[in-house]
Amino acid sequence: SQTIHQWPATLVQPVGSPLSLECTVEGTSNPNLYWYRQAAGRGLQLLFYSVGIGQISSEVPQNLSASRPQDRQFILSSKKLLLSDSGFYLCAWRTLGTAGTEAFFGQGTRLTVV
Amino acid sequence: GQNIDQPTEMTATEGAIVQINCTYQTSGFNGLFWYQQHAGEAPTFLSYNVLDGLEEKGRFSSFLSRSKGYSYLLLKELQMKDSASYLCAVRGYNKLIFGAGTRLAVHP
């Protein structure tokens, strides 16, 4: 069966510090991968998505970046965090090429920038 | 452009029926999804529609009209545990775009 791992669950970081959030998927090959951010009480904002190794599409200009060094690994990074980067970060995957399959989410990382 | 609209909040009584609407405008359409999200947790999949009509799964049903860019999620026999946010999401070519969600409060 497929599983998605996302860590850490919670993170408190000072303004200006770097960030690295990692997401890995098991039990599937060549998935579409997604990073979302959710501000308190708000909807999910798509940040990045990837259809393959090294292929990253950015949805919102910001000081975040994403990388996909391996087929089932998706990393969200920042060189210098801003207060506005606080939020609930969710990684998701879905099977590439299948029209009907839903996206499955990791447990999320609650980031607080102080 | 892409736009997904759904009501911000709804309230309902335990045992009743509630309908949550979603309207969308997207470039490319490959299906509409409904997710449930309890506070502080990740979203979980509820239903999927790609063709017009009603899909039923137990107490939950979802309807789609592609020509109108409209969907609704119908929740029957409401239970207290159904209090959550319900997110409408549309898949384009590769992107999965979410609406802001509807917070449903179920009262005794």
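Residues numbered from 1 in each chain as written. Chains lettered and ligands numbered in written order. Predicted model: local features only at pLDDT ≥ 70, side-chain atom pairs only at ≥ 80, totals over all residues. Heavy atoms only, no water.

## A look at the sheet that holds strand 3 (residues 19-26) of chain A
All names here are of chain A. One open sheet accounts for four strands, arranged 1-3-8-7; its pairing is antiparallel. If you trace the sheet from one side to the other, it starts and ends with strand 1 (3-7) and strand 7 (64-70), each paired once. For this sheet, the mean angle separating the axes of adjacent strands, direction not counted, is 15°. Sheet topology places strand 7 next to strand 8 (residues 73-78); five bridges connect them, and they run antiparallel. Directly across from Ser65, in strand 8, lies its bridge partner Ser77. (Pairing = 2+ DSSP bridges. Helix = DSSP H or I, 4+ residues; strand = E, 2+ residues; numbered from the N terminus. Axes fitted to C-alpha atoms, helices over the stretch in contact; angles between N-to-C directions.)

## Concerning the sheet that holds strand 3 (residues 18-25) of chain B
Residues and elements named next belong to chain B. Ordered in space as 1-3-8-7-6, the five strands form an open sheet in which the pairing is antiparallel. Edge positions in the sheet fall to strand 1 (3-5) and strand 6 (53-57), since each of these pairs with one other strand and no more. On average, adjacent strands in this sheet sit at an angle of 15° to one another, irrespective of strand direction. As paired elements, strand 1 and strand 3 share three bridges and run antiparallel to each other.

## Observations concerning the nonpolar core
Residues Tyr36 and Phe105 of chain A together with Trp34, Leu75, Tyr86, Leu96 and Phe98 of chain B are the most contacted members of the largest nonpolar core, which totals 39 residues. Looking at this core, the element that brings in the most residues is strand 9 (residues 84-91) of chain B, giving six residues. The residues touching Tyr36 of chain A, leaving out its near neighbours within four places in the chain, are Leu44, Gln45, Leu46, Leu47, Phe88, Tyr89, Leu90, Ala92 and Phe105 of chain A together with Leu96 and Phe98 of chain B. Of all hydrophobic cores here, the second largest spans 19 residues; its members include Ile4, Phe74, Leu76 and Tyr89 of chain A. (Core = buried A, V, L, I, M, F, W, Y, C linked by side-chain atoms within 4.5 Å. Buried < 20%, exposed > 50% of the residue type's maximum accessible area, 1.4 Å probe, protein only. Contact = heavy atoms within 4.5 Å.)

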